[in-house]
Amino acid sequence: MTEQKILDRLHTLGIAELTEIRTLNRLNGGYVNLSCELPNGKTGKILQDDCIYYANQIEKKSDDRCYGVASDGKQLAVYEYGCAGKDAKLIAWVCV
């Protein structure tokens, strides 16, 4: 899976700020595997701490929170969170 294919998928999610992401960094899963609120209301982690992910972060325009993205090349996770990953919520978890 290429970085460009992940970016192309990211840009189709309908979130304006995500279309501004042009590059992805390779980051350790332990860094990007946030404990977050899942769509079912439970809290948990969906990534693997020992994997490397294509990832990036961008500030939301409407408030002081950020979007964070992480992909293993097959799945793409999009989070919204506050400072230092606090109060993270999973916004999308889609196939690339």
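Preceding block: the structure.
Caption draft 1: Quick look at the overall build of the protein. For the protein, the count of helices and strands is two helices and seven strands. Listing each helix as α and each strand as β along the protein from the N terminus yields α-β-α-β-β-β-β-β-β. The principal-axis extents of the C-alpha atoms in the protein amount to approximately 30 × 30 × 25 Å. Put simply, the protein has 96 residues, and 44% of those count as buried. For the protein, the share of sequence-separated contacts (at least 6 apart) that also reach a separation of at least 24 residues comes to 42%.

Caption draft 2: Inspection of the packing of aromatic side chains at higher detail. All chains considered together, the criterion is met by zero aromatic pairs. The ring of Tyr54 carries Arg26 above its face, with NZ or CZ at 4.4 Å from the centroid.

Caption draft 3: Structural context of the environment of Ile58. Mapped onto the secondary structure, Ile58 falls in strand β4 (residues 52-59). Judged by relative accessible area, which is 14%, Ile58 ranks as buried. Each C-alpha atom of the pair Ile58 and Lys5 lies 19 Å from the other, and the pair is 53 residues apart in sequence. Every residue in contact with Ile58, bar those within four places of it in the chain, is listed here: Glu17, Leu18, Glu20, Ile21, Cys66 and Tyr67.

Criteria and cut-off values
- Residues numbered from 1 in each chain as written.
- Predicted model: local features only at pLDDT ≥ 70, side-chain atom pairs only at ≥ 80, totals over all residues.
- Heavy atoms only, no water.
- Helix = DSSP H or I, 4+ residues; strand = E, 2+ residues; numbered from the N terminus.
- Buried < 20%, exposed > 50% of the residue type's maximum accessible area, 1.4 Å probe, protein only.
- Contact = heavy atoms within 4.5 Å.
- Phe/Tyr/Trp six-rings, centres within 6.5 Å; stacked < 30°, edge-to-face > 60°.
- Lys NZ or Arg CZ within 6 Å of the ring centre and 35° of its normal.

Keep in mind these numbers describe shape, not what the thing actually does.
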